Amino acid sequence: QVQLVESGGGLVQPGGSLRLSCAASGFTFSKYWMNWVRQAPGKGLEWVSAIDNGAGSTYYVDSVKGRFTISRDNAKNTLYLQMNSLKPEDTAVYYCVRATYWLPWTWGQGTQVSVSS
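## Brief notes about the state of the cysteines
What the rule picks out here adds up to one disulfide. Here Cys22 connects covalently by a disulfide to Cys96, the sulfurs 2.1 Å from one another. Measuring handedness by torsion sign, the sulfur bridge of Cys22 and Cys96 sits at about -70° and is left-handed. Taken together, the residues Cys22 in strand β3 (residues 18–25) and Cys96 in strand β9 (residues 92–98) connect sequence positions 74 residues apart. Each member of the pair, Cys22 as well as Cys96, carries the same accessibility label: buried.

## Details of the side chain of Thr78
Structurally, Thr78 can be placed in strand β8 (residues 78–83). Residue contacts for Thr78: discarding those within four places in its chain leaves Ser21, Cys22, Phe29, Ser71, Arg72 and Asp73.

## As for a nonpolar patch on the surface
Side chains of Leu45, Leu103, Trp105 and Trp107 sit close together on the surface and give an oily, nonpolar patch of about 450 Å² of accessible area. Looking at the secondary structure, you find Leu103 in the loop between β9 and β10 (106–107). With a relative accessible area of 71%, Leu103 lands in the exposed category.

## A few points about the pairing of β3
Relative to β3, strand β1 (residues 3–7) runs antiparallel, the two sharing five bridges. Residue Glu6 lies in a different strand from β3, and its bridge partner there is Cys22. Pairing analysis gives six bridges linking β3 to β8, with the strands arranged antiparallel. Considered in β8, the bridge of Leu18 is made with Met83.

## Quick look at the sheet that holds strand β7 (residues 68–73)
Spatially, the four strands line up as an open sheet ordered β1-β3-β8-β7, and their pairing is antiparallel. Of all the strands in the sheet, the pair left with one neighbour each is β1 and β7. For this sheet, the mean inter-axis angle between neighbouring strands, taken without regard to orientation, is 15°.

Rules behind the numbers
Residues numbered from 1 in each chain as written. Predicted model: local features only at pLDDT ≥ 70, side-chain atom pairs only at ≥ 80, totals over all residues. Heavy atoms only, no water. Disulfide = S-S within 2.5 Å. Helix = DSSP H or I, 4+ residues; strand = E, 2+ residues; numbered from the N terminus. Buried < 20%, exposed > 50% of the residue type's maximum accessible area, 1.4 Å probe, protein only. Contact = heavy atoms within 4.5 Å. Patch = residues over 30% accessible without salt bridge, like charges linked within 9 Å, V, L, I, M, F, W, Y side chains within 5 Å. Areas by Shrake-Rupley, 256 points an atom, 1.4 Å probe, with all protein chains shown as cover. Salt bridge = Lys/Arg side-chain N within 4 Å of Asp/Glu carboxyl O. Pairing = 2+ DSSP bridges. Axes fitted to C-alpha atoms, helices over the stretch in contact; angles between N-to-C directions.

Here is the structure:
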């Protein structure tokens, strides 16, 4: 059974930092692209970042470039999102998502990030 479990969310002041983790199990983690997607309260889903399954190329939505860093540790089957210089508009539930050739993709349950003064 494929499972993705996010952790590391919490409440932080604007300008602060958080590091999210996603523990993966039930599949060969190193073979898949991984993504972070977020959903703010009452709003739609927004893709945030991705990392490939090879050389580790990374991709970001413009609004987080220079502030967020996606990484992975294949030996630990873990995906990370380092979030610095957090803004109130970053408040959302953050989901770890495994990409496959065919839908549906696999999602974790999410972890809440709240940025507030």
